[in-house]
Amino acid sequence: MKSILNNQDTENHTKEIIKIAKYLSIALLFLMVVLFKYNALYKVTANGEELGYIRNKNEIQNEINAIIENKEDGVAFKNLEIEPVYELKFVSNKEDNSEDVLNKLKENISTTYTAYGITIDGKIETYVATETEADKVVADLQKEYEDKMAVEIGVKQVFEKEKIETVEEKVAIADLKEDNLDAKLKKLEKQEEQAKKKKAESSKKVVVAVRPVSGGTITSRYGERSSVRSSAHTGLDIAAKKGTTIKAAASGKVTFAGYKGSYGYMVKIDCDNGYEMWYAHCSKLYVKKGQKVSAGTKIAAVGSTGNSTGPHLHFEIRKNGKTLNPQKYM
Ligand SMILES: [Zn+2]
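Residues numbered from 1 in each chain as written. Predicted model: local features only at pLDDT ≥ 70, side-chain atom pairs only at ≥ 80, totals over all residues.

What follows is about the overall build of the protein chain. What the protein chain contains, in helices and strands, is six helices and 18 strands. Every one of the 330 residues in the protein chain was classed for burial, and the buried ones make up 22%. Relative to all contacts within the protein chain whose residues are 6 or more apart in sequence, the contacts with residues 24 or more apart total 66%. (Helix = DSSP H or I, 4+ residues; strand = E, 2+ residues; numbered from the N terminus. Buried ≥ 20, exposed ≤ 12 C-beta atoms within 10 Å, placed from the backbone. Contact = placed C-beta atoms within 7 Å.)

Set out below in C-alpha cells:
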C-alpha cells in the first residue's frame with residue numbers, strides 16, 4: 001500500500017512537472033514569437049517629423065559627433081541644426097534603417113566657414129580662405145589700381161556655406177578684375193571726367209565784365225511777372241534814353257544782328273562756352289553777324305523797337321537755349 005501510495009505520489013509529481021514544462025514551453029514559444037516578430041527599436045523624430053527607426057542610438061550619435069568635430073580647413077564650426085528625439089519602442093512592422101536616419105541627420109548639419117572678405121571701397125566683394133591669400137589678392141589689386149579705390153582685407157569673419165560657395169565661383173581674381181573692378185574703374189573714371197568737365201565749365205562761367213548800359217534804371221527783373229507779359233520775364237530790362245550806347249557785356253562772336261519780332265532790333269553774341277547774350281529793342285545796330293567783339297565794344301543803341309512800351313535794353317543771358325538770371329552774372 002505504501003509503495004502504491006509512493007508510486008501514486010511520484011506519478012502526480014511527474015504529471016505536475018510535465019504540466020509546468022508544458023506551460024513553460026508555451027510561454028517560451030510565445031516569447032520567441034514575440035521576440036521574433038517584435039523589435040525593440042528607437043523611433044527617431046525631430047521637430048515632430050519621423051526620421052526612422054534605429055537599433056543602436058549610441059552608434060548614430062557617435063557618428064554625428066565625429067562629423068561635427070571633424071573640421072576641415074577653413075571650417076569655423078559645424079552644428080546639427082535639429083534636435084533628434086529617441087524613443088524606445090517595441091514594433092512589429094519596422095526595420096532598423098540607421099542609414100536613412102543618419103543621412104537625414106547629416107543633411108541637417110550646417111557648416112560655417114572662416115574667410116577673409118576683400119573689401120573694395122568699403123563693400124565686401126569677395127572672400128578668400130586664408131590670410132596669405134587675402135594679402136596676395138589685396139597686393140595685386142592695389143598694384144593694379146593704385147589709389148583708384150580702397151582695397152582692404154576685411155576682418156576675419158564667418159560665413160554660411162551658401163554665401164561662400166556662390167562667391168567662390170567668382171573668386172578667381174581674373175573674374176574679380178574683369179567683372180567688378182573694371183566696371184567700378186570705368187564708373188570712377190567717368191565720374192572723375194564729369195567732375196573735371198563740370199569744374200572746367202564752372203570756371204568758364206560767363207561774366208558780365210561790362211555793364212551793357214551805363215547808368216539807366218532797372219525796370220523789370222528776370223523772372224518777374226506782369227500784366228503785359230503772358231509768362232515770366234526772360235531777361236533784365238534797363239531803361240535809358242533812346243540812343244544810349246549798348247556795350248557788349250562779355251566778349252564773343254555776333255551770331256545775329258537784325259530785326260526779330262517782339263525783340264525788335266537785336267544783337268545775339270555767342271560767348272564761346274555755350275552762353276549767349278541777347279540785346280533787344282535797340283534803335284540802332286553797330287555790329288554784323290560773324291563779327292568778333294570784346295567786352296565793352298559798342299554794339300547798339302537803346303531803343304523801343306518790337307514789343308516795347310518805352311526805350312530800354314532787354315538783356316538776356318542764355319545757356320543751351322535756357323534763359324538765366326543776368327543779375328547773377330553781374
Ligand atoms: Zn524785357
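The next point concerns the sheet that holds strand β1 (residues 39–46). Read across the sheet, three strands follow the order β2-β1-β4 without closing on themselves; strand pairing throughout is antiparallel. In this open sheet, the two strands that pair with only one neighbour each are β2 (49–54) and β4 (85–91). For this sheet the average axis-to-axis angle between neighbouring strands, irrespective of direction, equals 30°. Across seven bridges, β1 lies against β4 in antiparallel orientation. Within β4, the residue paired with Thr45 across the bridge is Val85. Against the sheet, helix α3 (residues 98–107) makes contact with β1 and β2, and its axis sits at roughly 140° relative to β2, the strand it touches most. (Pairing = 2+ DSSP bridges. Axes fitted to C-alpha atoms, helices over the stretch in contact; angles between N-to-C directions.)

Its location among the elements puts Leu236 in strand β9 (residues 236–239). Owing to 24 C-beta atoms within 10 Å, Leu236 belongs among the buried residues under this scheme. Counting along the chain gives 79 residues from Leu236 to Phe315, while the straight-line C-alpha distance between them is 5.1 Å. With residues near it in sequence (within four places) discarded, Leu236 still touches Ile218, Arg221, Tyr222, Phe315, Pro326 and Gln327.

With five bridges connecting them, β1 and β2 associate as antiparallel partners. Paired with Val44 across the bridge in β2 is Gly52. Hairpin connection of β1 to β2: two residues between the antiparallel strands, including Asn47 at a positive phi of 50°.

With that settled, the discussion passes to α3. Residues Ser98, Val101 and Leu105 constitute the buried set of α3. Axial view of α3: buried residues confined to an arc of 65°, hence all on one face. What points out from α3, more than 90 degrees from its buried face, is the exposed set Glu99, Asn103, Lys106 and Glu107. Contact partners of the buried residues in α3: β1, β2, α2 (57–69) and β3 (75–80). (Arc of directions from axis to C-beta.)

On to the sheet that holds strand β10 (residues 245–247). Within a sheet, adjacent strands bond to each other through the backbone by hydrogen bonds, running parallel or antiparallel. Spatially, three strands are ordered β10-β16-β14 in an open sheet, and the strand pairing comes out antiparallel. Looking along the sheet, the strands with just one partner apiece sit at the ends: β10 and β14 (284–285). Sheet topology note: the β14/strand β16 (residues 298–301) ladder contains two bridges and is antiparallel. Its bridge partner lying in β16, Leu285 is registered against Ala300.

We now examine the packing of α2 against α3. Here α2 crosses α3 at 30°, and the two axes come no closer than 11 Å. Viewed along their axes, α2 and α3 adopt a mutual orientation that is roughly parallel. Of the two elements, α2 crosses α3, and the hand of that crossing is right-handed. Along its contact with α2, which presents Ile60, Glu63, Ile64 and Ile67, the element α3 presents Ser98, Val101, Leu102, Leu105 and Lys106. Looking at side-chain class alone, the contact of α2 with α3 contains six nonpolar, one polar and two charged residues. (Parallel < 35°, antiparallel > 145°, perpendicular 65-115°, else oblique. Left-handed = near helix turned anticlockwise from the far one by under 90°. Nonpolar A, V, L, I, M, F, W, Y, C, P; charged D, E, K, R; others polar.)

For the rest of this paragraph, the subject is the confidence of the model for the protein chain. Summarising the model, the protein chain shows a mean pLDDT of 81, and 80% of its residues fall at 70 or more. Here residues 161–177 scores under 50 on pLDDT; set against residues more than four positions off or in separate chains, the count is 20 contacts. (pLDDT = per-residue confidence, 0-100.)

Generally speaking, nonpolar side chains in soluble globular proteins are found buried as a group. With 31 residues, the main nonpolar core has Ile246, Val267, Met277, Tyr279 and Cys282 as its most contacted residues. Looking at this core, the elements that each hand over two or more residues are β9, β11 (252–259), β12 (265–270), β13 (275–282), β16 and β17 (312–319). Element by element, the count of residues in this core is highest for β13, at six residues. Other than its neighbours up to four places away in sequence, Met277 contacts Ala249, Ala250, Ile269, Cys271, Glu316 and Ile317. (Core = buried A, V, L, I, M, F, W, Y, C linked by C-beta atoms within 7 Å.)

Moving on to the environment of Asn273. Tracing the sequence through the fold places Asn273 in the loop between β12 and β13. Sequence separation of Asn273 and Gly252 is 21 residues, and the distance between their C-alpha atoms is 9.6 Å.

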